[in-house]
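Below are the chains, spelled out letter by letter.
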Amino acid sequence: MLDQFTITTKGGVVLWCKDYASVGPYPVDSLVKDVLIQNTRTESNSKYISGAFTLQWSFANELNVIFVAVYQKILQLPYIDDLLKHVKKHFITRFEQDIKQLVDPSCLDIPDFDAFDEEFEQVVRAVEDKERRAKNDRHGQPRKFEETRKFQTTAKGAKLELEELAQSSEMDLLSKGRRQGGKMRSFAERHGSENSAKAGKKGGRKVKENRVWDGQVTKESMQALDYSGAKSDDGIDSGRSVSALIDESSRGIRTADGIYEVADVAERSSTAGAGADGADGNGEFVLLGDDDSASDHDDNGMSKGSGKLSSTGGIGSVFFGMFKSLTGGRVLSAEILAEPMARMREHLTNKNVASDIADEICKTVAKSMIGVRVGGLQNIRKLVEQSMETALTRILTPVSSTDIIRDIENAKQKGRPYTMAFVGVNGVGKSTNLSKVCYWLLQNNKRVLIAACDTFRSGAVEQLRVHVRNLRALSENQDVEIFERGYGKDSAAIAKDAIAFGASDGFDVVLIDTAGRMQDNEPLMRALAKLVSVNSPDKILFVGEALVGNEAVDQLEKFNRALRDFSGQSKPRHIDGIILTKFDTIDDRVGAALSMTYTTGQPIVFVGTGQTYTDLRKMNVSQVIRALLRA
Amino acid sequence: MDDTARLVESTTSTSSTSSLLLFGTIFIIVISGIVWIVLQRQSAAISTKSLALASGTSVAALQSSKKRSNTVLITGPIGAGKTALWCYIRFPENKAAPKTQTSMAVNSAEVKVGDVNICLVDVPGHQKHRFDRDAFLPVARGVVFVIDSVSVSQNLTSTTELLYDVLANKHVQQKETPVLILCNKQDDPSALSNVRIKGLLEEEIDRLRASRQADIGSLRNVGAITGAANDNGDDDDEAAAEKANDFLGYDGKRFSFEDLPNPVQINESSMAMNMSIGGMEQIHSWIADLFE
């Protein structure tokens, strides 16, 4: 079933790995490269297919660890999500200290995680059993609509919302109880229901603790919360106790108090022992915090638990909350991040980033921050900004080399001209920027042939002719010529002739100017795909204007799709680079640069900044990011 | 507020009890000050700790180690063995060859090598993480550039580009940062020797520096630039300054590593064979030399 399961740090050190079958050249590597670093857009956001394998993964951001499951592509394993969740919980509970040792300078050896083998097997078996049971339950009868994936997606949000509502009302009750508990002692007597009695108890305790101003308070109050959970034996409470334990242990480290740490380790081993006892006693392995309500919720059970704790603490008393926020130890949760992320999203949209892209980027950044523990004096908005900056830098940094001169040399060695096709919608500046690129190439002593393949718009050929005349007048070597066949002809054939002419006449570069076309005009897009597949230019440069907003994504996606769908080749081409024009007109609303690179994953090769031949620049990534994040 | 009330009260009255009160108030202020400082330090400690853990998610991790002038940087193309080398130096007691995969975050740790404490940083090799490397280059005392000796001939251009970026970096040139090029995977029978790789790299850098000079930035020096209304004038100058010493070696002479002002060593290694080829000693002594 499962072919491989790996647990690694984000830095790339494999902590634990289980191979059931040889998976060949590491599929996990391509997952990291393609999805986690490059943000390639995948069909579903938690599955990735590499070769014959499907990969699913999960993060534990607090410890900087990734969990990846690899299995055969042809298999449908619905329980992998569940498995990842449980393995994560078990591994972290057991090895949290060991993982933290990795950053401890006094630790001289990689901690040994081999002991996890057995536990992992048990978790797999338990999850599989659960799945089998669930399958047996619904065996025989047709699948209800409620069980289909469709229902899940439609109702998931609603269910989540409902749950949150229920939770918040419970929280309200708790906090109310606490406040009232402070004022009047007879709270518990007045309310008969079990739930509010519990809350009252906690509230009373809380008020007493408030006077002791040190770290103990939190520990005590957490134990108080634990106490209520330990009574009943169901999954939610055990999950909660685990999270309390984890929160506590990190607290122990932070205060750098030896006693804390010792106590903490002892406690941990005792729970581990309890878990083992349970396994022995029932003959069945007990999954930590195995309940459905938790699985529907945030996938990071740990952060959820501690987030809950801290929020109850915060509502409990303002002073206590203040103290807590000062001492730090806040764990970022989806709720805490929601507000600054929404703000960031709006900010990006204001900077002319396409709204879907802003949305996606914010979601990825938020995902990478959930579970991270932050110090109290750190401003969350600032943290979000920093993470955003890193993410944006990563998006805008080109993967492939943009050294065109080098590529031209390579082509020359093979005895053929280097070809570049300029494509784009109408009026974005294809011809203008083609002539700028031409000027740059001429300055570097290249022989350039311009192929006038815009056989549609009247004046297009004449425009290029004027450019050629100007460029000849400007440069000393005058090695530029125009190849034209008038109007109304097939542009693919003209380009082919031009390349053949360029090869026979010893030109270094052939620049192909194409007619502007709207992305929805199918006949023209077909013609473009034909031009590309017939001539297979070395670089297909998409010329786009920086003024474009939401349209950028649509343009690029449709151009790429046309190149793919209409090519009729087994290995279709795609856009290789972008020229961003009219960059001088947009002030600091540079969002189009981000939208375009994010959509295609291709670099912005040049930026056009004016009307003269020298107004061509390389994009300065840090400058664009500064402009993007500037308030 | 209570404190200030007391303060007012104590300053107005002149009796001995009020001086006692004054003393008490000052005491309380001092105590609260100390508490504040302790809290602040504590919180800073948490943040650095959490950031050390979560270095992948935040730039602040870079900032925290930016000040360290004892940084030794490990860089190179993807899949060359950077993280493995980091593990060898970081965990000297680890006997087995460390298992690693493609990194997506910076590895950074304080390590004691011989008598010196260094900050050992391993940046991911993926192209998208170039900015990580560039953030560390200004503070790096030495740079280890790890190369995959097996696939180097196929990926010669991209490998050399990475190396060129390191060698032509403004800070590396100014500080004459020593560079150790480590030809890894020597255990593989098809691996090229360090002498052969050196030749390949020099040849490629020779070609590369020509095309680097022809970069679009060169347009600025040619022809009259009409002052296009762009607010990036300063940044362009900045970029131009970064590129000032972009040309490696001497013009008109074939490039050779000996022409560089900073010492460049090219050694062999084999991470998979427990560093049996080349050995850890060469790296340790190279690091020790950095701090002499």
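What you see is a predicted model; the values in this text were computed from it and never measured.

*Asks:* How would you explain the overall build of chain A if you had to name every residue and give the values?
*Replies:* A tally of helices and strands in chain A yields 23 helices and 15 strands. Across chain A, contacts joining residues at least 24 apart in sequence account for 72% of those joining residues at least 6 apart.

*Asks:* Please set out unusual backbone geometry residue by residue, giving values where relevant.
*Replies:* The phi torsion at Asn352(A) lies on the positive side, around 80°, for a residue other than glycine. Within the fold, Asn352(A) resides in the loop between helix 13 (334–350) and helix 14 (355–369). Positioned with a positive phi, Glu176(B) is a non-glycine residue whose angle comes to about 50°.

*Asks:* Give me the UniProt feature "domain: SRP54-type proteins GTP-binding" (unreviewed entry) in chain A: which residues, what numbers.
*Replies:* According to UniProt, the "domain: SRP54-type proteins GTP-binding" (unreviewed entry) feature falls on residues 603–616 of chain A. End-to-end, the C-alpha atoms of residues 603–616 of chain A are 15 Å apart, and along that stretch the chain is 0% helix and 43% strand.

*Asks:* Go over the sheet that holds strand 9 (residues 448–453) of chain A, please, and point to the residues and values.
*Replies:* Residues and elements named next belong to chain A. With mixed pairing, eight strands are arranged side by side in an open sheet as 10-9-11-8-12-13-14-15. Where the open sheet ends on each side, the last strands, each with one partner, are strand 10 (480–483) and strand 15 (616–617). In this sheet, strand 11 (residues 509–514) lies alongside strand 9 in parallel orientation, the contact comprising six bridges. Along strand 11, the bridge assignment pairs Cys 453 with Thr 514. In the packing of helix 22 (residues 591–600) onto the sheet, contacts are made with strand 12 (539–545), strand 13 (577–581) and strand 14 (604–608), and the angle to strand 13 comes to roughly 165°.

*Asks:* Hey, could you go over the packing of helix 15 (residues 380–396) of chain A against helix 22 of chain A for me, with residue numbers and the actual values?
*Replies:* Think of two packed helices as two axes; the pair is described by the angle between the axes and how far apart they sit. Residues and elements named next belong to chain A. With their axes 9 Å apart at the nearest point, helix 15 and helix 22 run at an angle of 65° to one another. The handedness of the crossing between helix 15 and helix 22 comes out as left-handed. Residues Leu 392, Ile 395 and Leu 396 of helix 15 form the contact with helix 22, whose participating residues are Ala 593, Leu 594, Thr 597 and Tyr 598. Residue composition of the contact of helix 15 with helix 22, grouped by class: six nonpolar, one polar and no charged.

Analysis parameters
- Residues numbered from 1 in each chain as written.
- Chains lettered and ligands numbered in written order.
- Predicted model: local features only at pLDDT ≥ 70, side-chain atom pairs only at ≥ 80, totals over all residues.
- Helix = DSSP H or I, 4+ residues; strand = E, 2+ residues; numbered from the N terminus.
- Contact = placed C-beta atoms within 7 Å.
- UniProt positions renumbered as here; feature names shortened; annotations may be inferred.
- Pairing = 2+ DSSP bridges.
- Axes fitted to C-alpha atoms, helices over the stretch in contact; angles between N-to-C directions.
- Left-handed = near helix turned anticlockwise from the far one by under 90°.
- Nonpolar A, V, L, I, M, F, W, Y, C, P; charged D, E, K, R; others polar.

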